[in-house]
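# Descriptive analysis of the structure
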Amino acid sequence: MDESVVKGTATQSGVDDARIKDLKAFDDTKAGVKGLIDAGVASLPRIFIRPPDELVEELNLGYSQAEVPVIDLSGIETDDQRKNIVDELRQVSEEWGFFRVVNHGIPSSVLDGMIDGTCKFHEQDAELKKEYYSRDQFQKVRYESNIDLYRSRVANWRDTMTINLLYSNEVVPDELPEICRSSAMDYINHVTKLAETLFELLSEALGIKVDNLRAMECARGRTFVCHYYPACPEPDLTLGVSRHTDPAFLTILLQDHIGGLQFLHDNNWTDVPPIPGGLVVNIADLLQIVSNDKFKSREHRVIANRIGPRISVACFFIGVAVPEKIYYPAKELISDETPPVYREFTVGEYMSNFFSRPIDKSGLDHFKI
Ligand code: OGA
Ligand code: NI
């Protein structure tokens, strides 16, 4: 091998050309990471291996055993209990940005059905699944491996089926893959109702008009990303999802029993273990912006695991995808002491920023004043 390659001093373009060729070959299989496992791959192809600086940094990272808060939503109909829940939500949204909810009203059978439907989608006949393989963000249902495959420094050990209800938010059953249609319909309807409730409570917690976030139609534009993380032969060398914050107001995440999600709390990676029947909720970038940094959108990632597959379904509540719509920090939260941290921007600018950067680059910096 050329000495400059060994020393890592090869010209950038030479290294990039080889990588792009590998990425393209992987993408062209339309079989994702699961396709590699099915083909018996026992060590990681180089596109998945984290760069040396990241692997070194990993050794110096802090970990915490802190327990992610759990919010019990039962009794929300009574005034007293509702007030307690709003107070708890305010505290966890300011200090943690991540929490788990229980007694949220979605039956376990609906949650299990969505996990099962996602698994079935990814494990169906590879030729049938290929028909959905696409990187067209406007397609209602698509499947791909790594949304930022050609923009990121390293590929993640994960495949994703996306149901995009952003541009036309009506759910038309016939447009969903048959293999998971009824379970996805059920879950989508239930989780959207839960999000509407959470947006009301979060408005109250923020101290902006009770119906403000709901009136902004935060729960209308939705994207469901249904992930499949195959068992990984060398989990220390790669990640299931690189560190990132979510491009939305709020994310509700359904995960199976395997675990692997971590978020940065006080600069320490902190596990978000699954609770049977529970859901994970995290504040995402747009809510941090509208709340003028009061609520925190925390970086998170998923580590790779020797066992698998792990299934998770993240629902991003993104708001109305009208390109001209303008977002800005809520006027009620701006004062001489708390000047706006972000400028006004359009949904169009927000979307094009998301689709032009790797997921591990901040989605907030671009809009800071
Ligand atoms: C995401 C995400 C976490 C998970 O899709 O943005 O952070 O556990 N997923 O799959
Ligand atoms: Ni995320």
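Residues numbered from 1 in each chain as written. Chains lettered and ligands numbered in written order. Predicted model: local features only at pLDDT ≥ 70, side-chain atom pairs only at ≥ 80, totals over all residues. Heavy atoms only, no water.

### Here we look at the packing of helix α5 (residues 79-95) against helix α8 (residues 181-206)
At a closest axis distance of 9 Å, the pairing of α5 and α8 adopts a crossing angle of 75°. Considering the angle they form, α5 stands roughly perpendicular to α8. Only E200, L201, L202, E204 and A205 of α8 make contact with α5, whose side of the interface consists of R82, I85, V86, L89, R90 and S93. Residues of the contact of α5 with α8, tallied by class, amount to six nonpolar, one polar and four charged. (Axes fitted to C-alpha atoms, helices over the stretch in contact; angles between N-to-C directions. Helix = DSSP H or I, 4+ residues; strand = E, 2+ residues; numbered from the N terminus. Parallel < 35°, antiparallel > 145°, perpendicular 65-115°, else oblique. Contact = heavy atoms within 4.5 Å. Nonpolar A, V, L, I, M, F, W, Y, C, P; charged D, E, K, R; others polar.)

### Description of the pattern of salt bridges
Enumeration over the complete set of coordinates arrives at 24 salt bridges. In this structure, D22 and R46 form a salt bridge, with 2.6 Å as the shortest nitrogen-oxygen distance. Here D22 is found in helix α2 (residues 12-29), whereas its partner R46 is found in the loop between α3 (32-38) and α4 (52-59), with 24 residues between them in sequence. A salt bridge links K368 to D365; the nearest nitrogen and oxygen atoms lie 3.8 Å apart. On the basis of relative accessible area, K368 is assigned to the partly exposed category, the value being 37%. (Salt bridge = Lys/Arg side-chain N within 4 Å of Asp/Glu carboxyl O. Buried < 20%, exposed > 50% of the residue type's maximum accessible area, 1.4 Å probe, protein only.)

### Considerations on the packing of aromatic side chains
Summed over all chains, the structure comprises 17 aromatic pairs. Relative to F263, the ring of F98 lies with its centre 4.6 Å away and its plane at 25°, an arrangement referred to as stacked. Remark: F263 occurs in strand β9 (residues 261-265) and F98 occurs in strand β3 (residues 98-102); sequence separation between them is 165 residues. Both residues of the pair, F98 and F263, count as buried. Members of the aromatic cluster, joined through ring pairs, are F199, F249, F317, Y327, F345, Y350 and F367. It is R301 that lies over the ring of W269; its NZ or CZ is 4.2 Å from the centre. It is K331 that lies over the ring of Y328; its NZ or CZ is 4.0 Å from the centre. (Phe/Tyr/Trp six-rings, centres within 6.5 Å; stacked < 30°, edge-to-face > 60°. Lys NZ or Arg CZ within 6 Å of the ring centre and 35° of its normal.)

### What to know about the site of ligand 1
Taken together, 13 residues sit near ligand 1, with H227, Y229, H244, R310 and S312 positioned nearest. H300 is positioned with one of its side-chain polar atoms (N or O) 3.0 Å from an oxygen atom of ligand 1. R310 places a polar side-chain atom, nitrogen or oxygen, 2.8 Å from an oxygen atom of ligand 1. For ligand 1, the accessible surface in isolation is 290 Å², of which the surrounding protein chains cover 95%. One can see that ligand 1 is located within the largest cavity. Looking at the shell around ligand 1, the elements with two or more residues in it are β6 (222-229), β12 (300-303) and β13 (310-317). (Near = heavy atom within 4 Å. Polar contact = N/O pair within 3.5 Å; in protein donor to acceptor, adjacent residues only side chain to side chain. Areas by Shrake-Rupley, 256 points an atom, 1.4 Å probe, with all protein chains shown as cover. 1 Å grid on protein atoms, 1.4 Å probe; cavity = no way out; pocket = protein on both sides within 12 Å on 5 of 7 lines; lining within 4 Å. Sits in = over half its atoms within 2 Å of the grid points.)

### Points about the coordination of the nickel ion (ligand 2)
The nickel ion (ligand 2) binds to the protein through H244 (NE2), D246 (OD) and H300 (NE2), with metal-donor distances spanning 2.1 Å. In the primary sequence, the donor residues of the nickel ion (ligand 2) line up as H-x1-D-x53-H. What makes H244 buried here is its relative accessible area of 11%. For D246, a relative accessible area of 2% puts it in the buried group. (Donors = N, O, S within 2.8 Å, 3.2 Å for Na, K, Ca; no water.)

### Considering the sheet that holds β6
Across the sheet, eight strands lie side by side as β2-β3-β11-β8-β13-β6-β5-β4; this open sheet has mixed pairing. Pairing within the sheet leaves two strands with one partner each, and these edge strands are β2 (70-72) and β4 (141-144). For this sheet the average axis-to-axis angle between neighbouring strands, irrespective of direction, equals 25°. Looking at chain direction, β3 and strand β11 (residues 279-283) are connected through four bridges and run antiparallel. Looking across to β11, one finds that V101 is bridged to L279. Packed on one face of the sheet, α5 meets β2, β3 and β11 and runs near 165° to β2. Against the sheet, helix α6 (residues 108-123) contacts β4, β5 (159-165), β6, β8 (250-255), β11 and β13, and its axis sits at roughly 65° relative to β6. (Pairing = 2+ DSSP bridges.)

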